[in-house]
Amino acid sequence: MFFHIVLERNMQLHPRHFGRNLREHLVSKLMKDVEGTCSGRHGFVVAITGVDSIGKGLIRDGTGFVTFPVKYQCVVFRPFKGEIVEAVVSMVNKMGFFAEAGPVQIFVSNHLIPDDMEFQSGDMPNYTTSDGSVKIQKDSEVRLKIIGTRVDATEIVRT
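Residues numbered from 1 in each chain as written. Predicted model: local features only at pLDDT ≥ 70, side-chain atom pairs only at ≥ 80, totals over all residues. Heavy atoms only, no water.

- The name recorded for the protein chain in an unreviewed UniProt entry is DNA-directed RNA polymerase subunit, from Xanthoceras sorbifolium.
- Turning to the protein chain, the UniProt record has this under Subcellular location (unreviewed entry): "Nucleus".
- In UniProt, the protein chain has this text filed under Sequence similarities (unreviewed entry): "Belongs to the eukaryotic RPB7/RPC8 RNA polymerase subunit family." (UniProt positions renumbered as here; feature names shortened; annotations may be inferred.)

Here it is, written out as structure tokens:
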């Protein structure tokens, strides 16, 4: 699910960026540092949509760097247990398959794949129905229901 939220972050800026383009440098650094990152609490930051405020900078002793508190709006992606998502299969093996729904990697165990589908090894490993009408292989599009989540230090893994 996508959310539009407000977050805060302290940004450090080198003194060479001080001047009339200070705000642009801060916003550019914020986008570079934050977009595409993951936190277990908020999810994946997809895009920064706006900067609400940039506070007064605090000079760091000995370095000359200045720390600015920045409040910004962003779109985050955080799937929940029970949510239905569309994903693209990235890898198939006898244990199940991995799929990606945007930045989220999902593992589907072979125990959760319907009984009438069998694993076929070979050049292009896949799960195929007995009559051959449905095939799950790399680059197949699938619709999945999230039944559990695990948050690593830098990513959210769904099952």
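We are not done yet, so read on.
1. Some remarks on the overall build of the protein chain
Argument step 1. Assigned secondary structure in the protein chain consists of one helix and 14 strands.
Argument step 2. Its C-alpha radius of gyration of 22 Å places the protein chain more than 25% over the 15 Å reference for a compact globule of 159 residues.
Argument step 3. When each of the 159 residues of the protein chain is scored for burial, the buried share is 31%.
Argument step 4. Partitioning the contacts of the protein chain with sequence separation of at least 6, the portion at a separation of at least 24 is 57%.
Argument step 5. Total accessible area on the protein chain is roughly 10100 Å²; 51% of this is exposed by carbon and sulfur atoms.
Argument step 6. Averaging the locations of the 19 positively and 18 negatively charged side chains of the protein chain gives two centres separated by 11 Å. (Helix = DSSP H or I, 4+ residues; strand = E, 2+ residues; numbered from the N terminus. Rg over C-alpha atoms; globule rule 2.2 N^0.38 Å. Buried < 20%, exposed > 50% of the residue type's maximum accessible area, 1.4 Å probe, protein only. Contact = heavy atoms within 4.5 Å. Areas by Shrake-Rupley, 256 points an atom, 1.4 Å probe, with all protein chains shown as cover. Lys, Arg positive; Asp, Glu negative; His and termini not counted. Charge placed at Lys NZ, Arg CZ, Asp CG, Glu CD.)

2. Some words on the layout of surface pockets
Argument step 1. In this structure, the largest pocket spans a volume of roughly 200 Å³.
Argument step 2. Surrounding the largest pocket, 13 residues form its lining, F97, V108, L112, I113 and L144 being those nearest its centre.
Argument step 3. Sorting the residues of the lining of the largest pocket by element identifies β8 (104-109) and β12 (141-145) as the ones contributing at least two each.
Argument step 4. Broken down by element, the lining of the largest pocket gets its largest block of residues, three residues, from β12.
Argument step 5. Of the residues contributing to the lining of the largest pocket, the split by class is 11 nonpolar, one polar and one charged. (1 Å grid on protein atoms, 1.4 Å probe; cavity = no way out; pocket = protein on both sides within 12 Å on 5 of 7 lines; lining within 4 Å. Points joined across faces, edges and corners; volume = space filled by probe spheres on them. Nonpolar A, V, L, I, M, F, W, Y, C, P; charged D, E, K, R; others polar.)

3. Considerations on the sheet that holds strand β9 (residues 117-120)
Argument step 1. Spatially, three strands are ordered β9-β10-β11 in an open sheet, and the strand pairing comes out antiparallel. Each having just a single partner strand, β9 and β11 (135-137) make up the two edges of the open sheet. Adjacent strand axes in the sheet meet at a mean angle of 20 degrees when their direction is disregarded.
Argument step 2. As defined by bridge partners, β9 adjoins strand β10 (residues 126-129) across four bridges and the pair is classed as antiparallel. Bridge pairing links Q120 to N126 in β10. (Pairing = 2+ DSSP bridges. Axes fitted to C-alpha atoms, helices over the stretch in contact; angles between N-to-C directions.)

4. Some points on the nonpolar core
What tends to happen in soluble globular proteins is that the nonpolar side chains get buried as a cluster.
Argument step 1. With 20 residues, the main nonpolar core has A87, F97, I106, I136, V142 and L144 as its most contacted residues.
Argument step 2. For this core, the secondary structure elements donating two or more residues are β6 (84-93), β7 (96-101), β8 and β12.
Argument step 3. The biggest single contributor to this core is β6, with four residues.
Argument step 4. Here this core spans two domains, since at least three of its residues come from each of domain 1 (2-77) and domain 2 (84-145).
Argument step 5. Once you skip the residues sitting within four places of it in the chain, A87 turns out to touch A99, E100, A101, I106, S140, E141, V142 and L144.
Argument step 6. Ranked by size, the runner-up nonpolar core spans 15 residues in total, among them M11, L26, V34 and I48. (Core = buried A, V, L, I, M, F, W, Y, C linked by side-chain atoms within 4.5 Å. Domains from an automatic or database assignment.)

5. Some details on the packing of aromatic side chains
Argument step 1. With the rule as written, the count across this model stands at four aromatic pairs.
Argument step 2. Between F98 and F107 the ring centres are 4.9 Å apart and the planes differ by 50 degrees, which places this aromatic pair in the tilted class.
Argument step 3. F98 sits in the partly exposed class, given a relative accessible area of 23%.
Argument step 4. Residue classification places F107 among the partly exposed positions, given a relative accessible area of 23%. (Phe/Tyr/Trp six-rings, centres within 6.5 Å; stacked < 30°, edge-to-face > 60°.)

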